[in-house]
Amino acid sequence: METTQLTVSPAPHIRARQSTAGIMWMVVTALLPAAAAGVVLFGRPALIVIISSILAAVLAEALCQWVMGRRITVGDGSAAVTGLLLALTLPPELPWWMTISGAAFAIIIGKQVFGGLGHNLFNPALAGRAFLLASWPTAMMTWKWPAGSLSWAGGSADAVAGATVLELARRGFFAQHGVQVPYSQLFMGNIAGSIGETSALALLLGAVFLLAFQVIDWRIPLGYLGALAVLAVLAGQNPVFHLLSGGVLIGAFFMATDYVTTPITPGGRFFFGLGCGVLTFLIRIYGGYPEGVTYAILLMNAAAPLLEKATIPKRFGEVRANV
Amino acid sequence: MKDRWRVFANGIFGENPIFRLVLGMCPTLATSTAVANALGMGLAATFVLVCSNVIISLLRNIIPDEVRIPCYIVVVATFVTIVDKVMAASAPGLHQVLGIFIPLIVVNCIILGRAEAFASKNSVSRSFMDGLGMGLGFTLGLLLLSIIREPLGEGTFLVAEDFGFEGLRVIAEDKQVLMFILPPGAFITLGLVLAGINKLVAKLSTVWAQKGGE
Amino acid sequence: MSKISKDQLRLVLVLTLIAAISAGILAIVNHLTEPKIKEAERKATNEALALCLPGAGDFREELLPAGAGGDVSEVYRGYFNDKPAGVVVKVEPRGYGGKISMMVGITAEGKVAGIKVLSHSETPGLGAKIRKDDFLQQAAIRESGLGNPPALVRDGGKVEAITNATISCRAVVRGINQALVVAESFLAPAAGGPEASAGRSDSKE
């Protein structure tokens, strides 16, 4: 049978009125609560990181397209989204020049070198973050607790000041001292971490918005969060803690749902999320870093074409007899 | 004589092993972290390349076709072992840094490739010039990468402890872009330089084509 | 019976000849460079030993004592004018990226005199900083010794770990502790009295 497969779903097709720019600005809107929460929690330095990251990403895109002689498409908002997403995964007090380098790397190496929007293999924001983590690991792991958020630690507040809850859990601090970060604090995001990853409340608000308008596919976050929670339970760990700490929520709803770097088939998307969850858990428990969302999603990005190939749905009326 | 120089220049520009043939990637990525390492690796490979090219060219009418590959390997391995021993005796620090990559010159595809493609079919003097050109082309390629990677990744330039060079500090400590001396930095730097050189070659060839047309 | 043809004989002959000549050349090269390589190795070891135990001029390798930690690989006794000046222990604890090969010098009084990291494969910019004086020369390590073993702050001691390189720092501290255990078994008889140590150095000569 000789047919070129241009579509991956059975007919009939409906033409949607969505445009790239429309989707991008909806993502920005959905990220606003998380960005606002970051600025409220961590103050002016966080705002500086967010602004410099977005500006650098947009400028890098324009510059790169100009040098390469391509049409300049910063108006579609994709560079701004990359800049904003990157900023939300950075420590609040990262020096401005590191932020700018990371945003420029995300756009130039993570996206434009592959041919621009739609051609990149890896999530640009996460590529930028991985670059920063490899280049300046100390600055990228310097954390700060929001003012007045350490009351739960009692007398050992000094010992936890520079660490995220995941690092503390890894060290066995909670078991050793018999203390726990209250769930309400984890949920509100009043903890140390990246600017936009700490507040579960703000992220879920944005996620509900994107799900309601069907900008993102529910299968990916379901697979991601589900796999992580199930593995945590199986390993005898606290699943709620695993879901609320670190970058899982921003990763599951905003990073792993990127159109370009994830499979386009429904089944592929579910397995993509599943893989992200499994890898995140494995890196958290056995890896060298306390958090594994970045590498989990980047690794699954690399596997996306394979998942896509394995999960192409049957064409309407097709009988798979002679395959 | 002009022909000899053409053979020599071919190794450096036209068929540069790293940037045009994209051969010998393993040592290229691994040893271009510092200028001193790149120079050490490049010169070691050049020595082996020149010597093996000359010997194989000399023996080209004696070596039977059926056993030529084992013969080439023995010749190459001999010179590699010589380099390994001499380097261990005279520059132990560099020898330790380059480590496994010196013995691995034996299986460097540039060397066996030149033996098979060039030295076995050409005169001794042409083979000598080919080995020299290819070796220097390899060395220059390594140097180009290391000149980018060392200052950015280590924050220092031209450090060579064996020879008492302290090097220059170009980026303040703890501010250097560590990624450039890590493996991803090797791939990214090589990719960007390759892209730049391809662009340059494309531009030059159109210019030359226009000139030729006049 | 098929006879070996002339051509086949030639294959064997040429390859054998080339291999034989190669072996001959390598034997000569080896003969010329071997002493220099040995000398360079000895010099590097001696420099490291002198750095770890300043004041000692002469070092002799000893057999590992029973009960030495699993990471201990070599032990040297240092002498100054034929008087024992202390012990240098080579240990190779496992760090984050692999073995950290290091030497620890311990004076006759049981104090840590110097530490040198010979080689390691820790992450550049993080664990690789264990080589630096900021870490190795901190008071909590310099003042450690027998009866005052070092430990990281995180493990209840006083040694400040490098930020985000706890595993590497813990490995170094473990190495020092294993070195101290070995040093104890060597220094104990010497502490018994001057005669004991004099007798030992006599028997050496």
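Since this is a predicted model, take the numbers as computed values, not measurements.

Regarding its fold elements, chain C presents five helices and five strands. When burial is assessed residue by residue, chain C has 39% of its 205 residues classed as buried. Within chain C, residue pairs in contact and separated by at least 24 positions form 48% of the contacts whose partners lie at least 6 positions apart. Of the accessible surface of chain C, which amounts to about 11,400 Å², a share of 56% is contributed by carbon and sulfur atoms.

At the interface, 21 residues of chain C touch 25 residues of chain B. Taken together, the two surfaces of chain C and chain B that pack against each other cover about 1,800 Å², and 78% of this comes from carbon and sulfur. In this assembly, chain C and chain B are joined by one salt bridge. Note that B:Lys85 is salt-bridged to C:Glu34, the shortest N-O span being 3.8 Å. For the interface between chain C and chain B, the tally reads three residue pairs in polar contact (both at pLDDT 80 or more). A total of 16 residues in the side of chain C that touches chain B trace back to one element, the largest contributor, which is helix H1 (residues 6-52) of chain C.

Scanning all chains against the criterion turns up zero disulfides over all chains. B:Cys71 supplies the cysteine sulfur nearest to B:Cys51, a cysteine that is in no disulfide, at a spacing of 18 Å. Cysteine C:Cys52 is unpaired, with the sulfur of C:Cys169 as its nearest cysteine sulfur at 18 Å.

Moving on, we get to the pairing of strand S4 (residues 101-107) of chain C. Residue and element names in this part refer to chain C. Burial within S4 is extensive, with seven of its seven residues counted as buried. Along S4, one buried face is formed by Ser-101, Met-103, Gly-105 and Thr-107 and the opposite face, lined by Met-102, Val-104 and Ile-106, is buried too. Pairing analysis gives six bridges linking strand S3 (residues 83-91) to S4, with the strands arranged antiparallel. Residue pairing for S4: Val-88 is matched across the bridge by Gly-105. As paired elements, S4 and strand S5 (residues 112-119) share six bridges and run antiparallel to each other. Within S5, the position partnered with Ile-106 by the bridge is Val-112. Connecting the antiparallel pair S4 and S5 is a turn made up of four residues, with Gly-110 showing a positive phi of about 85°.

Attention now moves to the confidence of the model for chain C. Residues and elements named next belong to chain C. Across chain C, pLDDT averages 81, with 90% of residues at or above 70. Scored below 50 in pLDDT, residues 190-205 shows 11 contacts in the model against residues more than four places distant or in partner chains. Among the scores for the predicted complex, ipTM is 0.83 and pTM is 0.83.

Here we come to the interface of chain A and chain B. The partner chain B presents nine residues to the nine residues of chain A that form the contact. Summed over both partners, the interface of chain A with chain B comes to about 690 Å²; 79% of that surface belongs to carbon and sulfur atoms. Looking only at chain A, the three residues that lose the most surface to chain B are A:Ala134, A:Ser135 and A:Trp136, adding up to 47% of its buried area. For the pair chain A and chain B, the interface holds zero salt bridges. Connecting chain A to chain B are four residue pairs in polar contact (both at pLDDT 80 or more). Where the side of chain A that touches chain B is concerned, the elements lending two or more residues are helix H4 (96-108) and helix H5 (124-135) of chain A. Of the residues assigned to the side of chain A that touches chain B, the class counts are eight nonpolar, one polar and no charged.

Here the focus is helix H3 (residues 35-58) of chain B. Here H3(B) is 24 residues long and its end C-alpha atoms lie 34 Å apart, about the 34 Å a rise of 1.5 Å per residue gives. Summarising burial for H3(B): 18 of the 24 residues are buried, a large majority.

The next point concerns the packing of aromatic side chains. Applying the stated criterion to the full structure yields 11 aromatic pairs over all chains. Arranged with centres 6.0 Å apart and planes meeting at 75°, the rings of A:Phe174 and A:Phe241 form a pair that is edge-to-face. Here A:Phe174 is found in helix H9 (residues 173-177), whereas its partner A:Phe241 is found in helix H13 (residues 239-244), with 67 residues between them in sequence. Both residues of the pair, A:Phe174 and A:Phe241, belong to the buried class. Their ring planes at 50° and their centres at 5.0 Å tell us that A:Phe209 and A:Phe213 sit as a pair that is tilted. Across the ring face of C:Tyr79, the terminal group of C:Arg60 is positioned such that the distance to the ring centre comes to 4.1 Å.

The rules behind the values
- Residues numbered from 1 in each chain as written.
- Chains lettered and ligands numbered in written order.
- Predicted model: local features only at pLDDT ≥ 70, side-chain atom pairs only at ≥ 80, totals over all residues.
- Heavy atoms only, no water.
- Helix = DSSP H or I, 4+ residues; strand = E, 2+ residues; numbered from the N terminus.
- Buried < 20%, exposed > 50% of the residue type's maximum accessible area, 1.4 Å probe, protein only.
- Contact = heavy atoms within 4.5 Å.
- Areas by Shrake-Rupley, 256 points an atom, 1.4 Å probe, with all protein chains shown as cover.
- Buried area = accessible area lost by both parts, 1.4 Å probe.
- Salt bridge = Lys/Arg side-chain N within 4 Å of Asp/Glu carboxyl O.
- Polar contact = N/O pair within 3.5 Å; in protein donor to acceptor, adjacent residues only side chain to side chain.
- Disulfide = S-S within 2.5 Å.
- Pairing = 2+ DSSP bridges.
- pLDDT = per-residue confidence, 0-100.
- Nonpolar A, V, L, I, M, F, W, Y, C, P; charged D, E, K, R; others polar.
- Expected span 1.5 Å × (residues − 1).
- Phe/Tyr/Trp six-rings, centres within 6.5 Å; stacked < 30°, edge-to-face > 60°.
- Lys NZ or Arg CZ within 6 Å of the ring centre and 35° of its normal.

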